[in-house]
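# Structure at a glance
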Amino acid sequence: MNIVVEFFVVTFKVLWAFVLAAARWLVRPKEKSVAGQVCLITGAGSGLGRLFALEFARRRALLVLWDINTQSNEETAGLVRHIYRDLEAADAAALQAGNGEEEILPHCNLQVFTYTCDVGKRENVYLTAERVRKEVGEVSVLVNNAGVVSGHHLLECPDELIERTMMVNCHAHFWTTKAFLPTMLEINHGHIVTVASSLGLFSTAGVEDYCASKFGVVGFHESLSHELKAAEKDGIKTTLVCPYLVDTGMFRGCRIRKEIEPFLPPLKPDYCVKQAMKAILTDQPMICTPRLMYIVTFMKSILPFEAVVCMYRFLGADKCMYPFIAQRKQATNNNEAKNGI
């Protein structure tokens, strides 16, 4: 194709992409079904991971839950089974009434499997993934959600904690994706969800290891998405989830300027997950919550660095993590004193 003609074709496609994006804002696309598909969620024992599990359970997915904490993971599984029992009761009632029989998923497919797995350890991930393939089947939806935060200033943070943050928040995405992507490529079907953070798009002071890990996983996700497009594997979808501060307790104490807080409060976990689920089920490539984060990211990309610093200081975002770090330090000192260390 002549380069001039190709240029106009590409220009048209770019403009058409803007039209489609605008249309998605006005008319919500129909959500796809994940009923009967194997959905694996890392960090499923608490926080957003648990809420993702419950949302996928309500949509009749077959769930595989990974977490390093066996007890909390089993608690999530118990909540999932309760949802499954409610679905079974609704199915039985519908069958008895003779309504929608052809749409009812057999209850034997509504199962949840739990695995204790430290995603920060490569060998643990690969061994557990092999168990999943043998005991459950191939994974169709992979939700990489597990995450940790050290809560220390750079020079006060032990090297081991920095490495742990990078392993869990970033490297684990490589291991889980390498474990389950090959089959997705073979059948050209699947969905990879990366739960990152707004701190993977713009940073703040005091959490260098966390920001680096989230920036890294955003880069990994974007590169993977481009690789799938280059390989013309359009049946494998990807969704990047970048929420603002979520009220899960992970960053308890984090504060922006008090006059700004009413306009930008921490997100409710339920709201965050429901918004992410809408994006996942409509194959949306990326979701920032709230939408104001899109503007912040754009401004950070075009403004000079000193202008970004001024904006951060006005919002109180430059040192927003300092109260959180101080609380973590005090808690650590109290534990050490209690244990006689």
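None of the values given here were measured: they were computed from a predicted structure.

### Notes on the pattern of salt bridges
Evaluated as defined, the whole model comprises 13 salt bridges. With a closest N to O distance of 2.8 Å, Lys32 and Asp283 form a salt bridge. With a gap of 251 residues between them, Lys32 in the loop between α1 (3-26) and β1 (38-42) and Asp283 in the loop between α7 (269-281) and β7 (286-289) connect regions that are remote in the sequence. What makes Lys32 partly exposed here is its relative accessible area of 29%. Close ionic contact of Arg164 with Asp118 constitutes a salt bridge, the shortest N to O distance being 2.9 Å. With Arg164 in helix α5 (residues 159-187) and Asp118 in the loop between β3 (112-116) and α4 (122-135), the pair connects residues that are 46 residues apart, well separated along the chain. Classification of Arg164 as partly exposed rests on a relative accessible area of 28%. Salt bridges linked by common partners bring Glu55, Arg58, Arg59 and Lys274 together as one network.

### Some remarks on the UniProt feature "transmembrane region" (unreviewed entry) in the protein chain
What UniProt calls "transmembrane region" (unreviewed entry) maps, in this numbering, to residues 7-27 and 33-53. Structurally, residues 33-53 comprises 33% helix and 24% strand, and the distance from its first C-alpha atom to its last is 15 Å.

### Focus on the sheet that holds β7
An order of β3-β2-β1-β4-β5-β6-β7 is seen for the seven strands of this open sheet, with the pairing classed as parallel. The open sheet has two edge strands, β3 and β7, and neither has a second partner. Direction aside, neighbouring strands of the sheet carry axes that sit 15 degrees apart on average.

### As for the packing of α4 against α5
Relative to each other, α4 and α5 sit at 30 degrees, their axes nearing to 9 Å. Here α4 lies roughly parallel to α5, going by the angle between them. Remark: the crossing between α4 and α5 carries right-handed chirality. Touching Arg122, Val125, Tyr126, Ala129, Val132 and Arg133 of α4 are Trp175, Thr176, Lys178, Ala179 and Phe180, all from α5. Here the residues of the contact of α4 with α5 are counted per class, giving seven nonpolar, one polar and three charged.

### Considering the packing of helix α2 (residues 47-58) against helix α3 (residues 70-97)
Running from amino to carboxyl end, α2 crosses α3 at an angle of 20 degrees, the nearest separation of the two axes being 9 Å. With respect to their mutual orientation, α2 and α3 come out roughly parallel. The element α2 and its partner α3 pack so that their crossing is right-handed. Every residue of α3 that contacts α2 at Arg50, Ala53, Leu54, Ala57 and Arg58 is listed here: Ser72, Glu75, Thr76, Leu79, Val80, Ile83, Tyr84 and Leu87.

### Remarks on the nonpolar core
In this structure, Ile41, Phe52, Phe56, Leu63, Val143 and Met321 are the most contacted members of the largest nonpolar core, which totals 65 residues. Ranked by size, the runner-up nonpolar core spans 26 residues in total, among them Val64, Cys117, Ala146 and Phe180.

### Quick word on the pairing of strand β6 (residues 236-243)
Burial analysis of β6 places seven of its eight residues in the buried class, the great majority of the element. Inspection of the sheet shows strand β5 (residues 190-195) paired to β6 by six bridges, in the parallel sense. Following the sheet pairing, His191 is matched in β6 by Lys237. Where the polypeptide runs from β5 across helix α6 (residues 208-230) and back to β6, its parallel neighbour, the crossover connection is right-handed. Relative to β7, β6 runs parallel, the two being bridged by four bridges. Residue pairing in the sheet places Cys242 in a bridge with Cys288 of β7.

Cut-offs applied
Residues numbered from 1 in each chain as written. Predicted model: local features only at pLDDT ≥ 70, side-chain atom pairs only at ≥ 80, totals over all residues. Heavy atoms only, no water. Salt bridge = Lys/Arg side-chain N within 4 Å of Asp/Glu carboxyl O. Helix = DSSP H or I, 4+ residues; strand = E, 2+ residues; numbered from the N terminus. Buried < 20%, exposed > 50% of the residue type's maximum accessible area, 1.4 Å probe, protein only. UniProt positions renumbered as here; feature names shortened; annotations may be inferred. Pairing = 2+ DSSP bridges. Axes fitted to C-alpha atoms, helices over the stretch in contact; angles between N-to-C directions. Parallel < 35°, antiparallel > 145°, perpendicular 65-115°, else oblique. Left-handed = near helix turned anticlockwise from the far one by under 90°. Contact = heavy atoms within 4.5 Å. Nonpolar A, V, L, I, M, F, W, Y, C, P; charged D, E, K, R; others polar. Core = buried A, V, L, I, M, F, W, Y, C linked by side-chain atoms within 4.5 Å. Right-handed = clockwise from strand over helix to strand, strands pointing away.

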